[in-house]
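Listed below are the residues making up each chain.
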Amino acid sequence: MLFRHGYTGLLLVVVARASLAAAAPSADEAAFFENKIRPVLVKHCYECHSADAEELGGKLKLDTRDAMQHGGESGPPVVAGKPDASLLIKALRYDGLEMPPDAPLPESVVNDFTTWVRRGAVDPRVEAKPKPVAAQSAATSTLWSLKPVRNPRPPAVRDDAWARDPLDRFVLAEVEAAGLRPTADADPRVLVRRLHFDLVGLPPTFEESEAFLADYARRGPKAVAACVDRLLASPQFGEHWGRYWLDVARYGESNGNDGLSRNPTFPHAWRYRDYVIAAFNDDVPYDRFITEQIAGDLLPSASPAERDRLLIATGFLALGSKPAKAMNTNFDMDVVADQIDVVGRGILGLSVACARCHDHKFDPIPTRDYYALAGIFAATETLWGTAAHEGLTAPATDLHVLKAAPANPPPPGFVETVLVLDSNTGEPKKPPKSKSPVGTPLAMGVRDRAKPADAKIHIKGESSSLGEVVPRGFLTAVAPADDRSAEFAVDAKQSGRLQLARRLTHAENPLTARVMVNRLWQQLFGDGLVRTPDDFGTYGERPSNAALLDHLATRFMAEGWSIKRLVRAVALSRTYQLAVAADERLTTADPQNLLFARHNRRRLTAEALRDAVLQASGRLDRSPGVGSLVAHRDILVNIAGNLHRPSDNRSIYLCYLRSSPPPELAAFDLPEFTSVTARREVSTVPGQALHLFNNPFVVEQSRHFAQRIAEQAAESSDRLIAAWRDAYGRDPADDELRSAADFVRRASVELGDENQAWAALCQALIASNEFRYVD
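In this text, all values refer to a predicted model and were calculated from it rather than measured experimentally.

### So, the overall build of the protein chain
Alright, step 1. Of the regular secondary structure elements, the protein chain holds 27 helices and 13 strands.
Alright, step 2. Scored against the burial criterion, the 775 residues of the protein chain give a buried share of 60%.
Alright, step 3. For the protein chain, restricting intrachain contacts to residue pairs at least 6 apart in sequence, the fraction spanning at least 24 positions comes to 70%.
Alright, step 4. In the form shown here, the protein chain has an accessible surface area of approximately 30300 Å², with 53% of it arising from carbon and sulfur atoms.

### Some details on the packing of aromatic side chains
Alright, step 1. Applying the stated rule across the entire model yields 25 aromatic pairs.
Alright, step 2. Between phenylalanine 237 and tryptophan 241, the aromatic rings sit 5.8 Å apart at their centres with planes inclined by 25°, giving stacked as the arrangement. Of this pair, phenylalanine 237 and tryptophan 241 both sit in helix 10 (residues 235–248), four residues apart, roughly one helical turn.
Alright, step 3. Accessibility expressed as a relative area gives 2% for tryptophan 241, which makes it buried.
Alright, step 4. Taking 4.6 Å as the distance between ring centres and 55° as the angle between the ring planes, the aromatic pair formed by phenylalanine 362 and tyrosine 539 counts as tilted. Of this pair, phenylalanine 362 sits in the loop between helix 14 (331–348) and helix 15 (367–378) while tyrosine 539 sits in the loop between helix 17 (512–525) and helix 18 (546–558); the two residues are 177 residues apart in sequence, bridging distant segments of the chain.
Alright, step 5. Tyrosine 539 gets classed as partly exposed once you look at its relative accessible area, which sits at 28%.

### Let's talk about the side chain of threonine 677
Alright, step 1. Among the secondary structure elements, threonine 677 is positioned in the loop between strand 12 (643–644) and helix 22 (686–694).
Alright, step 2. With relative accessibility at 14%, the residue threonine 677 sits in the buried group.
Alright, step 3. Sequence-distant contacts of threonine 677, that is, excluding residues within four places in its chain, are made with Asp247, Val248 and Pro671.

### Section: the confidence of the model for the protein chain
Detail in the predicted coordinates should be disregarded across regions flagged by low pLDDT.
Alright, step 1. Chain-level pLDDT for the protein chain is 84 on average; 82% of the residues reach the 70-or-more range.
Alright, step 2. Low confidence marks residues 1–22, where pLDDT is under 50. Its contacts with residues over four positions away, or in another chain, come to 88 contacts.
Alright, step 3. Here residues 631–645 scores under 50 on pLDDT; set against residues more than four positions off or in separate chains, the count is 45 contacts.

### Notes on the pattern of salt bridges
Alright, step 1. Evaluated as defined, the whole model comprises 48 salt bridges.
Alright, step 2. In this structure, glutamate 210 and arginine 189 form a salt bridge, with 2.8 Å as the shortest nitrogen-oxygen distance. Of the two residues, glutamate 210 sits in helix 8 (residues 206–219) while arginine 189 sits in helix 7 (residues 188–200), which places them 21 residues apart along the sequence.
Alright, step 3. Take arginine 189: its relative accessible area is 26%, and that puts it in the partly exposed class.
Alright, step 4. Several salt bridges converge on common partners, so that one network encompasses Asp165, Arg555, Glu559 and Arg565.

### Details of helix 15
Alright, step 1. The terminal C-alpha atoms of helix 15 lie 16 Å apart, and with twelve residues this matches the ideal 16 Å at 1.5 Å per residue to within 8%.
Alright, step 2. Most of helix 15 sits out of view: ten of its twelve residues are buried.
Alright, step 3. Every buried residue belonging to helix 15 is among Thr367, Asp369, Tyr370, Tyr371, Ala372, Leu373, Ala374, Gly375, Ile376 and Phe377, and all of these are buried.
Alright, step 4. Next to the buried residues of helix 15 lie helix 14, strand 2 (380–383), strand 8 (455–458), strand 9 (466–470) and helix 16 (497–504).

### Quick word on helix 14
Alright, step 1. Taking 1.5 Å of rise per residue, 18 residues should cover 26 Å, and helix 14 covers 25 Å from first to last C-alpha, within 8% of that figure.
Alright, step 2. A large share of helix 14 lies buried, amounting to 17 of its 18 residues.
Alright, step 3. Following helix 14 by one or two positions, glycine 349 has its phi on the positive side, about 70°.

### What about the nonpolar core?
Alright, step 1. Formed by 164 residues in total, the largest nonpolar core has its most connected members in Trp245, Tyr272, Ile294, Phe316 and Trp521.
Alright, step 2. Non-local contacts of isoleucine 294, meaning those with residues more than four positions away in its chain, are made with Phe316, Leu317, Val343, Ile347, Arg497, Leu500, Ala501 and Leu504.
Alright, step 3. The next biggest cluster of nonpolar side chains, apart from the first, holds 20 residues, and it includes Ile37, Leu88, Leu105 and Val109.

### Quick notes on the environment of histidine 268
Alright, step 1. With respect to the helices, strands and loops of the structure, histidine 268 is situated in the loop between strand 1 (262–264) and helix 11 (270–281).
Alright, step 2. Judged by relative accessible area, histidine 268 falls into the buried class, the value being 5%.

### So, unusual backbone geometry
Alright, step 1. You will see that aspartate 669, though not glycine, has its phi angle at about 60°, which is positive.
Alright, step 2. Mapped onto the secondary structure, aspartate 669 falls in the loop between strand 12 and helix 22.
Alright, step 3. A relative accessible area of 16% means that aspartate 669 is categorised as buried.
Alright, step 4. Positive phi, normally seen in glycine, also occurs at phenylalanine 673, with a value near 60°.
Alright, step 5. If you trace the backbone, phenylalanine 673 turns up in the loop between strand 12 and helix 22.

### Remarks on the packing of helix 6 (residues 166–177) against helix 18
Each packed pair of helices is defined by two parameters, the angle between the axes and the distance between the axes.
Alright, step 1. Packing of helix 6 against helix 18 brings their axes to within 9 Å, and their N-to-C directions diverge by 170°. Taken together, the axes of helix 6 and helix 18 are roughly antiparallel relative to one another. Counting all contacts with helix 6, which are made through Pro166, Leu167, Phe170 and Val171, the residues of helix 18 involved are Ala547, Leu548, His551, Leu552 and Arg555.
Alright, step 2. Residue classes in the contact of helix 6 with helix 18 are distributed as seven nonpolar, one polar and one charged.

### What to know about the side chain of glutamine 688
Alright, step 1. By the element assignment, glutamine 688 lies in helix 22.
Alright, step 2. Note on glutamine 688: relative accessible area 4%, which makes it buried.
Alright, step 3. Polar side-chain contacts of glutamine 688 include one of 3.0 Å to the backbone oxygen of serine 683.
Alright, step 4. Not counting the four nearest positions on each side in its chain, glutamine 688 is found in contact with Arg603, Ala667, Phe668, Asp669 and Ser683.

### Let's talk about the packing of helix 7 against helix 8
Alright, step 1. Closest axis-to-axis distance for the helix 7/helix 8 pair is 10 Å, and the angle between their directions is 125°. Accordingly, the angle class assigned to the pair helix 7 and helix 8 is oblique. Two packed elements cross with a definite hand, and for helix 7 against helix 8 that hand is right-handed. Taken together, the residues of helix 8 that come into contact with helix 7 (itself represented by Pro188, Arg189, Val192 and His196) are Glu208, Ser209, Glu210, Phe212, Leu213 and Tyr216.
Alright, step 2. Its residues assigned to classes, the contact of helix 7 with helix 8 comprises five nonpolar, two polar and three charged.

Reading the values: rules and limits
- Residues numbered from 1 in each chain as written.
- Predicted model: local features only at pLDDT ≥ 70, side-chain atom pairs only at ≥ 80, totals over all residues.
- Heavy atoms only, no water.
- Helix = DSSP H or I, 4+ residues; strand = E, 2+ residues; numbered from the N terminus.
- Buried < 20%, exposed > 50% of the residue type's maximum accessible area, 1.4 Å probe, protein only.
- Contact = heavy atoms within 4.5 Å.
- Areas by Shrake-Rupley, 256 points an atom, 1.4 Å probe, with all protein chains shown as cover.
- Phe/Tyr/Trp six-rings, centres within 6.5 Å; stacked < 30°, edge-to-face > 60°.
- pLDDT = per-residue confidence, 0-100.
- Salt bridge = Lys/Arg side-chain N within 4 Å of Asp/Glu carboxyl O.
- Expected span 1.5 Å × (residues − 1).
- Core = buried A, V, L, I, M, F, W, Y, C linked by side-chain atoms within 4.5 Å.
- Axes fitted to C-alpha atoms, helices over the stretch in contact; angles between N-to-C directions.
- Parallel < 35°, antiparallel > 145°, perpendicular 65-115°, else oblique.
- Nonpolar A, V, L, I, M, F, W, Y, C, P; charged D, E, K, R; others polar.
- Polar contact = N/O pair within 3.5 Å; in protein donor to acceptor, adjacent residues only side chain to side chain.
- Left-handed = near helix turned anticlockwise from the far one by under 90°.

Next comes the structure, spelled out in structure tokens:
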């Protein structure tokens, strides 16, 4: 127990009343609490600090949020956002205070509590008892996202000529019902820039913009269709859209801090990255895409190359950040919990992981359902390839050995390694250890265990306290009507992952298609129809246009689950092509743009900003990155055997180490890559401006940019025009020319170097809002 009798003077070491805000937590916050914090409270604290305690210690209860906010005899002590100022953390660290008194908790657990407090000590618990089965059934019938997907007829609208696609009618009907009108269409130059960034993540060149404008003047909407088709066929489409999926898949090339300040690298994760890019470029149907990632190793293959591809796809289940094995009796089930979470929130948009210790408090997910899924993943062997490091365990054969993948020899003297990086500095913590024979093509992934078995309920989430056996299966709330058919029957000799994939992609599943089309809409508009893209449960927002969401979901499935086809339809819609600017009446009536009667101005993602900088400087290498880049920060040795500078390739090929992100991107809201991220945060902080003025990458590329325009033109006026074309895809206005010329003259005098003055101008262009935002 965390607090024993005789230690009531230290009972303040829990959670401050002000720390635990009553606002609904995000799905990520709730999942962190349910997976990392609640199980520890249950195991170490509830015996003496809950409503069921025989003798309540220090008048303190920890089993509800309100009780923790109220505190005990010593009051509430946690300072939200400030772990070092919180007595809870000091006690867990044995820093003056010592809790639990018998022995300290594992360092990994203390680090979890520190992270929780630093993030605001969000507690999603409410004063509610677990729902009985009848109540769970009632919740299933009332929760909007669990109702069957319907195929609504496009509504009648007054301005029938406005719509270009059936989806436009759903939008216009809501706008007209509010007594409003959509804003005007976007200017063609604005539209071509929007299309390029949204479809391939790169700005159009000046020549591409001019060609589009000329074509648009001749053919109008047909020119837009031609542009969209060209971009969809570009290999850069998969690099851009694949990055979105990698966020959902919590892709990282290292484990992240395992709780003991170690960060083992995953040098084979890149194969999954390349699989995702290729899948988006090849427009693999989304139902097949999901099936390959859940059960690719169980699917038939026509060739060794196809077999390799299917094995690599299962890296989706192996990429998760692993806790330290030492002093963790729940390690195996923690790995399972990560897999359930990436399937739950990543594919279904539900926080299934919250049912690990108890029936879900809000959504119709009983604990039995959790362990029905847990049995599938417990019967699955996870191959992540870090067996060489103490504190982590791996299967006897810790990686898939590929048969047809390229195995180019590395440079002389190079030994393929797994590095252990310091989680704070990102530098190697100790000498690398040899992992595999040189040149062997390997991949992370999963496979069925030799003797699959059903799982037992872990009472309060503890592996040491087991309850009844639960047959492997799916969530009852979303099971298809024919769930007991042979198609879904779990073979006793298999894990059940193939049957799980069939349930996930079944036409009667109300979530999978809705969740994906909502994310596609979000990437094209900046906001989804459901603004909580990984939470379609009770805590999530309801759709702003439910009929449109179902129209898109039905259309998605009917058209073969084609991502490119749906992206094309949305990009060619009137709704997508609207301008950002709108009259005051519209913006006042709909300040959040829930009606989508105008477009949203959006800031470039970290990756798109870096890639745009490289394109402006003329340094962008559009060829695919090769292999793994985890060996070193500056000059990185990849598995394919080449010395490779990642600074010129697209950002998706950078080294994404957990706890140590690429420094060129870190200032612009990268996720932690440890859990499902369907929507990145977008913050505006001073550090971002400082990054654009001081970061070595930006400074270097500004010099290259200045050199590039100097090579294009000798005269200052022509050089300025070249700068505007490379940065903004347009010619400068007369007043911009005068201001820029004056700046270069003055800067040349002040700096004593004309080249530096031009570099400063180029850096100013890169730092401008016009460069960093898309209308």
